[in-house]
Amino acid sequence: LATNEAALVAGVQRGMKAINLAGGIHTIVTYDGMTRAPLIEAPDISSARKLCERVVKDSNLLNVLRAQVKDPFVRLERIVPYQLGTKVFLRIECATGDAMGMNGVTKASADIVRKLLEELPGWKLITISSNLCTDKKAAHINVLQGRGKSVHAEVLVPKDVLTKVFKQGATARQIEKVVFHKCYLGSSLSGTLTGFNVNAANALAAVFAATGQDLAHVVSSSATFVQAEAIGDDLHFQVTMPGLEVATIGGGTAFGTAQEALALMGCKGFGTDIYDNVHVKRLAELCCVAVASLDLNTACAQAAGYEMADSHVALARGEVDS
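So, how was this worked out
Residue positions are given per chain, counted from 1 along the sequence in the order it is written. Totals for whole chains, interfaces and linings use every residue, but because this is a predicted model, local features are given only for residues with pLDDT of at least 70 and side-chain atom pairs only at 80 or more, for both listing and counting. Heavy atoms from the whole structure form the basis of all side-chain values; hydrogens and water molecules are not counted. In summary, the pairing rule links any two rings of Phe, Tyr or Trp, Trp by its six-membered ring, whose centres are within 6.5 Å, and it sorts them by plane angle into stacked for under 30 degrees, edge-to-face for over 60 and tilted for everything else. Helical segments are the DSSP runs of H or I of at least four residues, strand segments are the runs of E of at least two, and each set is numbered from the N terminus. Exposure is judged per residue with a 1.4 Å probe applied to protein chains only, and the accessible area is read against the type maximum: over 50% gives exposed, under 20% gives buried, and values in between give partly exposed. Only buried Ala, Val, Leu, Ile, Met, Phe, Trp, Tyr and Cys residues count toward a nonpolar core, and they belong to the same one when joined by side-chain atoms within 4.5 Å. Whether two residues are in contact is decided by their heavy atoms: any pair within 4.5 Å suffices. Multiplying 1.5 Å by the helix residue count minus one yields the expected span of that helix. In protein, a polar contact requires one atom able to donate a hydrogen and another able to accept it; more generally it is a pair of N or O atoms within 3.5 Å, and residues adjacent in sequence count only if both atoms are side-chain atoms. Note on definitions: salt bridges are taken to be side-chain nitrogens of Lys or Arg within 4 Å of carboxyl oxygens of Asp or Glu.

**Description of the packing of aromatic side chains**
Within the structure shown, the criterion is met by 2 aromatic pairs. When the centroid spacing of 5.6 Å and the interplanar angle of 10 degrees are considered together, the rings of Tyr184 and Phe196 count as stacked. One end of the pair, Tyr184, is in helix H7 (residues 172-190); the other, Phe196, is in strand S7 (residues 195-196), with 12 residues separating them in the sequence. Judged by centre distance (5.4 Å) and plane angle (20 degrees), the rings of Phe196 and Phe225 are stacked. Placement of Phe196 in strand S7 and of Phe225 in strand S8 (residues 224-231) is noted, with a sequence separation of 29 residues between them. According to the relative accessible area criterion, Phe196 is buried, its value standing at 11%. Members of the aromatic cluster, connected to one another through ring pairs, are Tyr184, Phe196 and Phe225.

**Let's talk about the nonpolar core**
The biggest cluster of nonpolar side chains holds 50 residues, and the ones touching the most others in it are Ile175, Leu235, Phe237, Leu244 and Leu296. Residue assignment for this core shows that the elements contributing at least two residues are helix H1 (6-21), strand S6 (148-157), helix H6 (159-165), H7, helix H8 (200-211), S8, strand S9 (234-244) and helix H11 (278-303). In terms of residue count, H11 provides more of this core than any other element does, 13 residues in total. If sequence neighbours within four positions are ignored, Phe237 has contacts with Ala153, Glu154, Val155, Val179, Val226, Gln227, Ala228, Ala292, Asp295 and Leu296. Counting residues in hydrophobic clusters, the runner-up holds 28 residues, among them Val88, Met100, Met102 and Ile112.

**Describing the environment of Thr257**
Within the secondary structure layout, Thr257 lies in helix H10 (residues 256-264). Note on Thr257: relative accessible area 58%, which makes it exposed. Taking the C-alpha atoms as reference points, Thr257 and Arg36, 221 residues apart in sequence, are found 30 Å from one another.

**Comments concerning H8**
With 12 residues, H8 extends 17 Å between its outermost C-alpha atoms, agreeing within 8% with the 16 Å of an ideal straight helix rising 1.5 Å per residue. Every buried residue belonging to H8 is among Ala200, Ala203, Leu204, Ala206, Val207, Phe208, Ala210 and Thr211, and all of these are buried. At its buried positions, H8 is contacted by H1, helix H9 (218-221), S8, S9, H10 and H11.

**As for the side chain of Gln213**
Here Gln213 lies in the loop between H8 and H9. Side chain to side chain, Gln213 and Thr211 meet in a polar contact 3.2 Å long. Residue contacts for Gln213: discarding those within four places in its chain leaves Phe208, Glu245, Val246, Ala247, Thr253 and Leu283.

**Some remarks on the pattern of salt bridges**
Between side chains of opposite charge, pairing is possible as soon as their charged atoms come close. All told, the structure shown has 16 salt bridges when counted by the stated rule. Between Arg78 and Glu93 there is a salt bridge, with the nearest N and O atoms lying 3.1 Å from each other. One end of the pair, Arg78, is in strand S3 (residues 75-84); the other, Glu93, is in strand S4 (residues 87-95), with 15 residues separating them in the sequence. Using a relative accessible area of 40% as the deciding quantity, one classes Arg78 as partly exposed. The salt bridge partner of Asp111 is Lys107, with a shortest N-O separation of 3.3 Å. Here the residue Asp111 and the residue Lys107 both occupy positions in helix H4 (residues 102-118), the gap between them amounting to 4 residues, near one helical turn. Via salt bridges that share partners, Glu41, Lys87 and Lys124 belong to a single interconnected network.

**So, the side chain of Thr134**
Along the chain, Thr134 falls in the loop between strand S5 (124-127) and helix H5 (140-145). The buried category is assigned to Thr134, whose relative accessible area is 5%. One polar contact links the side chain of Thr134 to the main-chain carbonyl oxygen of Asn131, over a distance of 2.8 Å. Apart from residues lying up to four places away in sequence, Thr134 is in contact with Thr35, Arg91, Ala139, Ile141, Asn142, Arg147 and Glu245.

Quick look at the structure:
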């Protein structure tokens, strides 16, 4: 974890302590792909509709467009079209191996659009990236359709672990109440788009900085849904991150301490082909675990009254008790 926030490392560690005492955490990756969304313009709305239908139904067209992608670590999986009048947004999804894949998918999208427009007289390219991807912005389309990796984690924390690790008041029922009122009632009232969590971006930014990820992707990757349910006196705690954009090769992952951190986490390197990407999937799961650890800890701290405020004062750097 690379961070300047004094309480963050302690918070993640305490959350992980509870998870370990509870017997560990279960994680799965349910979506794996990178997207780019070029925008092209048709001469009329009927032509736009016909292309949208063809892109969805014509498997031969998909194979022709797939052949335009020359990068061995980028493979076109599918294209989802969206029409606005004469404008057609093509949300292109590709497999990208252990790379985050943004640059590879951008080049692939350009080659795909070039081939399409060769056969579409009167059409034109407006932009190679229309913001429907959606890259480095909080967007609900990434929540619904996935981007990068969609990851889920769950842990059942017994009553005795809650009592041993956290402060008085952090009961399963009180934690459930805090998570509902804070993460869903409060977030909904504020108009939050994808932030139904306690403080997911904190843990994620620290992992990103430590492992050489693109820090701007914290904006979209930190979209997180947290659930807490009291099962008797035990706590069922879940975290879902639908659009986690990470890599174990390329960009900042190739340098210095990022390589050391990835090696320590068992994520360094890359597979032999585009679908052999266990390294990056493991990294995505570990990012989700870090977020789950901090959110569990912070939810418990808020369930225990004023502990979150008091702990920040106690752990703040340069703070002198008069």
